[in-house]
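This is what each chain is made of:
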Amino acid sequence: MAYIGSRVKRKEDLRLLRGTGKYVADIHRVGMVHAAILRSTYAHARIVKIDTTAATKLPGVIGILTAADIPGMKTIPMRTGHIDGLERSQQTPLATTAVRYVGDPVAVVVAESRYLAEDALELIEVEYEALGVVTDAHESMRAGAPQLHETVPNNTPANFQVNVGDVDAAFRNSDLILEEEFSTQRHAAVPLETRGLVAEFDEGRGQLTVWGPTKMTHTNWSILSDHLGLPQSSIHLIEPDVGGGFGARGEFYPEDFLIPFASIHFSRPICWIEDRSENLKAMNQSRQQKYQIKIGVKKDGTIMALDAEMLFDMGGYTRTHGGTPAISASSILRGPYRIKNYRLNVFCVLTNKTPVGTYRSPGRYEANFVRERLLDTVAHRLELDPADLRRRNMIRHDEMPYDLGKHPFNSWVLDTGDYPAQFENALARINYEKLKSDSAAAKKEGRALGVGIGCFVESSGIGPWEYARVEVDNTGQVILYSGCNSLGQGIATALSQIVADELQVSIDDVRVIHGDTAKVPYGNGSNASRSVVMAGSAAVGASRKVKEKLLQLASAALEIEPGDLFLRDGRVVARGVPERTQGFADLARLALPGTALKQGVTPGISEEDFFASDKRPFPYGVHIAVVEVDRATGIVKILDYLVTEDVGRKINPMIVEGQVMGGLAQGIGGALLEEFVYDNDGQPQATSFMDYLIPTAMEMPKTIQLISTEDFPTPLNPLGVKGAGEGGISAAGAALANAVSNALGVEVTKLPLKPDYLLELIGRIKVESHQENA
Amino acid sequence: MSTRQVRLTINGREYSREVEIRKLLTDFLRDDLGLTGTHVGCEHGVCGACTILWNGEAVRSCLVFAVQANGANLKTVEGLAPSATELHPLQKKFWELHGLQCGFCTPGILLTAEALLKENPDPSEEEIRESISGNLCRCTGYQNIVTAIREAAKAMAAK
Amino acid sequence: MKPANFQYYDPTTIEEVVDLLSQFGDQARPLAGGQSLVPLMNFRLLRPAHLVDLNGVRDLSYLRVENGELRIGAMTRQRQLERSTDVANDWPLLREATGYIGHMQIRNRGTVGGSLAHAFPSAELPMAMVTLGASLVLSGKARQRTVSAEDFFLSYMTTVLEPGELLTEIRVPMLPANTGWSYQEVSRRHGDFALAGSAALVRLDPHGNIDHARLTVTGVTPIQVMSAEEIVTGQKPSEALFRDAVRKAMEGLEQDADIHASAEYRRSACEALGERTLREAAERAAESSKGRTQ
């Protein structure tokens, strides 16, 4: 029986179900004390003075650190998304002279308990000199706006263009040109577990151990080493169980330096667990983009050109992701359509708000909303069925692989797929034609029923490489040491399936170790739906090398040619002579140094492999939403929903479906509910779960169809997989916005689809002043 | 920092401890008693990750001070499985049907579901969704959780 | 977020509670279900120096019908109200309203008295009690007094409770026969604070004209019965009548704005819900006067 392709129960689950998982907050070290971070209450201010005297005297307080106590603090570097200029607005772990967002770290308190640490926070006196605040990207770019960073004029540290084909000529040849402004709101990953770290320094050995790092463990290992001036070999990062990441957890944040530094400075193990109020101000936010976009089409709907300007709202500093959401949006704005003439001018703009990183389908959720909404608007104008407009422009199977053309940061070639066939299947499965007539009939009765489509191409499996080592231990068990990480997505199970199939062992005899720098020397982590693609492929490579070694050892022991041997059930067996066999444990014994060296064989059964690739596989799919909107209250009910995605190959279909469903829930949250609102003074208004609204079980659609297919395995890796982590969220904003537009007979131009906004669109109310900035 | 003596029963076992008055029940369970299965997601009573059973009723332990639990009979996720080698039907179905991903919300949801099934052994899908509407999950999208609870109800009724 | 320090008391009688509240005045807060108070304490938005835990006062927790009147001890859990067959049969508006309060876990601990004393403008129980014409018993050291629900609420999260006074009982009168009721609410998610909500009672005379109506909507401070009664009394129920009545009743009334909805939205949605609850109440009244049980 092959494990790949089957709905194997996850190996991670038993401890999580019993409550015996170990998340970072569950880790206790002898003598451990607790940290709390003092964060700026001003969105933009100069720090005049910090007085910690009263706080330090509080019984139970061990000490307080400010920037003055950490001379030579470095700025946190970018690990990706480098756009020239962004390095000018990076962040030091503690604010030195100025704070640039509410939540900017100003001091670290260490005390006997978190309760006492929070008492101490209140006693620290900070004198701020308020500076001008700017919260809107447009305003921030204007001459005269308050300047956030000394060397960044107009708060615009970076600007880049994409230019493909001849946009101006294409517009001249267009029958209709439509221009519109779109925006998506600030929202973010907000995993259920907040961030946390436990750091302990063994002074005697000069060894620092940090529990908590995840997602980009090895990258962070290198950054921490550089910032502390400690060699990597003296630092041990350990990944515990993790409560979700979605792009935001696991990047190198100020606290990733501060807590280890404090543990060395105070010679005590230190635990820092972020509370939710902090998390909603301090963990990377995302999704805030504004587009001014122009499209040129022929009367029959053929798209001639797309030209846009985009403002990427970065928040107060450049984070480790650099300009990734902007770069990604710029790469995928055209989606699965044939648009040969494309121009985009992107401005990365600083504002006095929480800094920005990635969130599941970064830049692409936003771009999909903009493009799909624009397409529907064009369809309405040309009196075409939105499905027909898409049919006309969708890239055909015979055009694959499809080169997206020149781009300053990447060169994406859509690898495999049949977009139109998948599209037709989706429309048929949700009975699109019937939905259209149902919608028309409902409207006659005064009910607002609508259907909306969102097509997407997702990026996945980013390289450049991944590491794996496969080992057979003394009991014959197989251990995979992988450079990826687990945020809760079930990667250990998926990788076990791959290794178990390669080596023909029971999945119960495979263990996966990840996120531990003492056991895994190299890794590129888990992000951008890369784990199964990259870590899986490296695991295949290492497993195959181990297979060779097993056959070699067995060959010598059995005196049979390796070609006449095969693997079965954790043993090497002779073809046709089943009693001639060696178990993996037997072979491990033979590989012990004493025996092996005498035979002139390298001891051990342990093989490494790197899988390298700079070409990404692109999953692709369709979202279709059916909604009913109450015209008097603006409340949206999602009646039916379909997501289809081709992922090339499913290692564990159950896990793939779970990823799509979970992504969909987040996509619904982004379309209808979630928003980080700031007032004009830069004060965040959504700092609790009463105001930042995550979907509950009741907000999910009444019926959902999830269709994930294996139509086009990718040729880019030995497994044929395309990463399935982001398809579920990718076009949810687009489909829901189109469905609501269809239901109400309006053109939605921004997210979220708040009841307020919808009543305004249909002219039922007129709002005098808007609390939020978009 | 004044303290009080607290005596209570958790998962059938009696505990007696001195606890700081302002200490939340969540922190008492996790830090003082080492029962780390109950998780902290928000500390303002919205996410449900801290849900425990208090005299059989699902309650947010982050909104109770440990001193209030004097004399109470509590159940945490550690007390759900009948033994170290067996699983409660809810746990079994969650495992079979992929009802969890990161696992952080899972203890709270399991206990909420157990309370539901005690009161309503044959809930409709709508009733199940409503009963877990006070438990946030960021990973699964809830579908498998609802199915797992429904299947567990069937399995428990069949016994 | 961990709360600031406080002194803690766990009395077992109402007398002890009142003594403590009188002793510490506005430095003391009673702790009922904690579902509203403890989050505020965890955020350190509230830092009572003295916390008086009511959960051990058994005399405050009861639910009974006396002389046709529903008598609710202030510490009765919302969930108990939700499960009671008496309430379901004779005060269905109250049961419906209670079901909208947050989530089951909140209603397991949250209390009737606690919700009323908290006086949040878009909360369900304050609005339901005002609509039903309930009266509240307030117990102090020197005296006990009874105030109507409408008089109890002064403004945003402010009631007539004086320092040293405790809400001990809520009395809900029986509704006249054939009174139709309705409670409707919209929120961004299931269980969230209402963006807009409305409660209505309508009774019809034998000719099918309205002879009694009460209407309340959320977001109006102080929580009050609207003047719709005057407009609809003596009239036959109709969409136009209800629309007119609600619009006139809402004239000049301020609604709040926050990040979830503007004042204009709230006004518009309250008007829509006001019409819907009047209509639904009238339909129920018509059904019940036809002799069918509800």
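Residues numbered from 1 in each chain as written. Chains lettered and ligands numbered in written order. Predicted model: local features only at pLDDT ≥ 70, side-chain atom pairs only at ≥ 80, totals over all residues.

> Account for the sheet that holds strand 10 (residues 166–172) of chain C, with residues named and values stated.
Residue and element names in this part refer to chain C. The strand order across the open sheet built from five strands is 4-5-10-6-7, with neighbouring strands paired in antiparallel fashion. Two strands lie at the open edges of the sheet, namely strand 4 (63–66) and strand 7 (144–148), each paired on one side alone. Direction aside, neighbouring strands of the sheet carry axes that sit 25 degrees apart on average. In this structure, strand 6 (residues 135–139) lies alongside strand 10, joined through five bridges in antiparallel fashion. Each residue of the ladder has a partner; that of Ser139, found in strand 10, is Leu166. The strands touched by helix 1 (residues 14–24) within the sheet are strand 6 and strand 10, with strand 10 carrying the most contacts at an inclination of about 125 degrees. (Pairing = 2+ DSSP bridges. Helix = DSSP H or I, 4+ residues; strand = E, 2+ residues; numbered from the N terminus. Axes fitted to C-alpha atoms, helices over the stretch in contact; angles between N-to-C directions. Contact = placed C-beta atoms within 7 Å.)

> Explain the domain arrangement of chain A to me, using residue names and the numbers behind them.
Residue and element names in this part refer to chain A. Along its sequence, chain A is carved into domain 1 (13–131 + 194–242 + 249–282), domain 2 (289–403 + 413–460 + 616–761) and domain 3 (465–612). In this assembly, 25 residues from domain 1 lie in contact with 27 residues from domain 2. Residue composition of the side of domain 1 that touches domain 2, grouped by class: ten nonpolar, nine polar and six charged. (Domains from an automatic or database assignment. Nonpolar A, V, L, I, M, F, W, Y, C, P; charged D, E, K, R; others polar.)

> Lay out the packing of helix 10 (residues 364–382) of chain A against helix 11 (residues 386–393) of chain A in plain terms, naming residues and giving numbers.
Residues and elements named next belong to chain A. Their axes nearest at 8 Å, the elements helix 10 and helix 11 cross at an angle of 110 degrees. Put simply, helix 10 runs roughly perpendicular to helix 11. Crossing geometry of helix 10 relative to helix 11 is assigned as right-handed. Here Leu375, Asp376, Val378 and Ala379 of helix 10 lie close against helix 11, whose contacting residues are Pro386, Leu389 and Arg390. Partitioning the contact of helix 10 with helix 11 into residue classes produces five nonpolar, no polar and two charged. (Parallel < 35°, antiparallel > 145°, perpendicular 65-115°, else oblique. Left-handed = near helix turned anticlockwise from the far one by under 90°.)

> Give me the lowdown on the interface of chain A and chain C, citing residues and values where you can.
Each partner contributes residues to the interface: chain A has 27 residues there, and chain C has 18 residues. Counting only elements with at least two residues in the side of chain A that touches chain C, the list comes to helix 3 (114–123) and helix 21 (755–761) of chain A. Considered class by class, the residues forming the side of chain A that touches chain C number twelve nonpolar, five polar and ten charged.

> Kindly report on the domain arrangement of chain C, identifying the contributing residues and their values.
All names here are of chain C. Per the domain assignment, the segments of chain C are domain 1 (7–53), domain 2 (58–172) and domain 3 (179–289). Each of domain 2 and domain 3 has a C-alpha centre, and the two are 21 Å apart. Across the boundary between the two partners, domain 2 contributes 19 residues, which contact 18 residues of domain 3. At the level of secondary structure, the elements contributing two or more residues to the side of domain 2 that touches domain 3 comprise helix 5 (92–99), helix 8 (124–131) and strand 8 (153–155). Of the residues belonging to the side of domain 2 that touches domain 3, the class tally is twelve nonpolar, five polar and two charged.

> Give me the sheet that holds strand 1 (residues 7–9) of chain C: which residues, what numbers.
Strand pairing in a sheet takes place through backbone hydrogen bonds and is either antiparallel or parallel in direction. Residues and elements named next belong to chain C. Reading across the sheet, the three strands line up as 1-3-2 and stay open at both edges, with parallel pairing between neighbours. In the strand order of this sheet, the two ends are held by strand 1 and strand 2 (28–31), each with one partner. Between one strand axis and the next, the sheet turns by 25 degrees as a mean value, whatever way the strands run. Against the sheet, helix 1 engages strand 1, strand 2 and strand 3 (50–53), with an angle of about 150 degrees to strand 2.

> Mind laying out unusual backbone geometry, listing which residues take part and the relevant values?
Cis peptide bonds are those with omega within 30 degrees of zero, and the linkage from Met400(A) to Pro401(A) qualifies with -10 degrees. For Pro401(A), the position within the fold is in the loop between helix 11 and strand 16 (402–403). Residue Pro752(A) is reached from Leu751(A) by a cis peptide bond, and omega for that bond is 5 degrees. By secondary structure assignment, the location of Pro752(A) is in the loop between helix 20 (732–744) and helix 21. Residue Asn178(C) is not a glycine yet carries a positive backbone phi of 65 degrees. For Asn178(C), a count of 20 C-beta atoms within 10 Å translates into the label buried. (Buried ≥ 20, exposed ≤ 12 C-beta atoms within 10 Å, placed from the backbone.)

> Go over the pairing of strand 2 (residues 13–20) of chain B, please, and point to the residues and values.
Residue and element names in this part refer to chain B. In this sheet, strand 2 lies alongside strand 1 (residues 3–10) in antiparallel orientation, the contact comprising eight bridges. Across the sheet, residue Val6 finds its bridge partner in strand 2, namely Arg17. Between strand 1 and the antiparallel strand that follows it, strand 2, lie two residues; Asn11 among them carries a positive phi value of about 55 degrees.

> Quick rundown of the nonpolar core? Include the residues and the values.
All names here are of chain A. Membership of the largest hydrophobic core comes to 381 residues, with the highest contact counts inside it found for Val109, Ala539, Leu736, Val740 and Leu753. With 13 residues, helix 15 (residues 531–558) is the single largest residue contributor to this core. Beyond its immediate stretch of four places on either side in the chain, Val740 contacts Gly450, Val627, Val629, Val636, Val748, Leu753 and Leu758. (Core = buried A, V, L, I, M, F, W, Y, C linked by C-beta atoms within 7 Å.)

> Before we move on, could you go through the interface of chain B and chain A and cite the residues and values that matter?
Taken together, the contacts link 42 residues of chain B with 42 residues of chain A. Contributions of two or more residues to the side of chain B that touches chain A are made by helix 2 (89–96), helix 3 (106–119), helix 4 (125–131) and helix 5 (143–158) of chain B. Top element by residues in the side of chain B that touches chain A is helix 2 of chain B. It accounts for four residues. Looking at the side of chain B that touches chain A residue by residue, the classes come out as 20 nonpolar, 15 polar and seven charged.

> Account for the packing of helix 9 (residues 324–332) of chain A against helix 10 of chain A, naming residues and giving values.
The angle between the axes and the distance between the axes are what describe a pair of packed helices. All names here are of chain A. Closest axis-to-axis distance for the helix 9/helix 10 pair is 8 Å, and the angle between their directions is 40 degrees. Between helix 9 and helix 10, the crossing angle belongs to the class labelled oblique. The two elements helix 9 and helix 10 cross, and the hand of that crossing is right-handed. Across the interface between the two elements, Ser328, Ala329 and Ile332 from helix 9 touch Arg364, Glu366 and Ala367 from helix 10. Taken together, the residues of the contact of helix 9 with helix 10 sort by class into three nonpolar, one polar and two charged.

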